[in-house]
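Each chain, written out:
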Amino acid sequence: MTEGLQPVGVDFHCHLDLYPDHEAAIARAEAMRVYTLSVTTTPRAWPRNHKLTRDTRYVRAALGLHPQLVAERSDELPLWERYLPETRYVGEVGLDAGPRFYKSLEAQKHVFRTVLERCAEAGGKILSVHSVRSVAAVLDMIEWYLPLDRGLVVLHWFTGSKSEARRAAALGCYFSVNAEMVRSDRGRALVADLPIDRILTETDGPFTQIDGHPSEPSDMHVTIDVIARVRNVPSHEIARTIQTNLQALLR
Ligand code: MN
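The text that follows walks through the structure, step by step, so that each part is easy to find. (Residues numbered from 1 in each chain as written. Predicted model: local features only at pLDDT ≥ 70, side-chain atom pairs only at ≥ 80, totals over all residues. Heavy atoms only, no water.)

## As for the coordination of the manganese ion
Protein coordination of the manganese ion is provided by H13 (NE2), H15 (NE2), E92 (OE) and D204 (OD), with donor distances spanning 2.3 to 2.4 Å. We note that the donor set of the manganese ion lies within a single chain, spaced as H-x1-H-x76-E-x111-D. Here the residue H13 occupies a position in strand 1 (residues 9-14), and E92 occupies one in strand 4 (residues 89-96), the gap between them amounting to 79 residues. Considered together, H13 and E92 belong to a single accessibility category, that of buried residues. (Donors = N, O, S within 2.8 Å, 3.2 Å for Na, K, Ca; no water. Helix = DSSP H or I, 4+ residues; strand = E, 2+ residues; numbered from the N terminus. Buried < 20%, exposed > 50% of the residue type's maximum accessible area, 1.4 Å probe, protein only.)

## Regarding the nonpolar core
In this structure, F12, W80, F112, L127, I142 and L155 are the most contacted members of the largest nonpolar core, which totals 67 residues. At seven residues, the largest contribution of residues to this core is made by helix 5 (residues 105-122). Ranked by size, the runner-up nonpolar core spans seven residues in total, among them L16, Y19, A25 and A29. (Core = buried A, V, L, I, M, F, W, Y, C linked by side-chain atoms within 4.5 Å.)

## Description of the state of the cysteines
One pass over the structure, following the stated rule, counts zero disulfides. C119 carries a free sulfur, and the closest cysteine sulfur to it, the one in C173, is 13 Å from it. (Disulfide = S-S within 2.5 Å.)

## Concerning the side chain of S131
Structurally, S131 is set in strand 5 (residues 125-132). Classification of S131 as buried rests on a relative accessible area of 3%. Not counting chain neighbours up to four residues away, the residues in contact with S131 comprise L95, V138 and F158. (Contact = heavy atoms within 4.5 Å.)

## Observations regarding the sheet that holds strand 4
Taken in spatial order, the five strands of this open sheet run 4-5-6-7-8, and their pairing is parallel. In this open sheet, the two edge strands, each paired with only one partner strand, are strand 4 and strand 8 (199-201). Each adjacent strand pair in this sheet contributes to an overall mean axis angle of 30°, direction not counted. Bridge count between strand 5 and strand 6 (residues 151-156): five bridges; the pairing is parallel. Within strand 6, the residue paired with K125 across the bridge is G151. Helix 9 (residues 220-231) rests against strand 7 (174-177) and strand 8 of the sheet, and its axis sits at about 145° to strand 8. (Pairing = 2+ DSSP bridges. Axes fitted to C-alpha atoms, helices over the stretch in contact; angles between N-to-C directions.)

Spelled out as structure tokens, the structure:
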């Protein structure tokens, strides 16, 4: 982070390029001083995302190839590799073994393995990783292909078990938590159990909603309040912890 005003919050997984007005969405996150990781879904979107976030203070763009798009876009992997030197941030990447995407799982694994290997070679990357119905496979691949001293993983919208969360933490992973995750008892129990020094907030906007409108980075305070309630800790303390965690991750 550059010197000057510290961010007031963290949205470590948001798709700013999927809002009707991409530039306005970036400008709002900047104005609200929310440190926002703006993930992308296809390497073709990278040049514009990169250009619009070159001089931003709080918004960072991440280079992605979304597992749900691998079936149609695995041929963009060489493009992803070409752009990797332009950024420290990678995402959205990972695996999705849900019923709609199961058919492309082998292709997804090939892409994700390449992503992890290239990140390990480059060193110092931070990855926002999707793991729907595939937590064990995602953790296996992180363990095999991305040693802890070669890059850091933030598991986005983690839905694994408590024991999988412990395994992820032992592998050095962080968790970006959103408000949807704590709508169920199981989700709340998981969030209560995550290591506090590995938690970040995210919105996954515009795919989640707050009060009937698509979430924005400034809605991260809703997640802070929920984490605070679930863990029985004051909100301001959670907010401070998340700032500390962000600094540790970026260091
Ligand atoms: Mn997402």
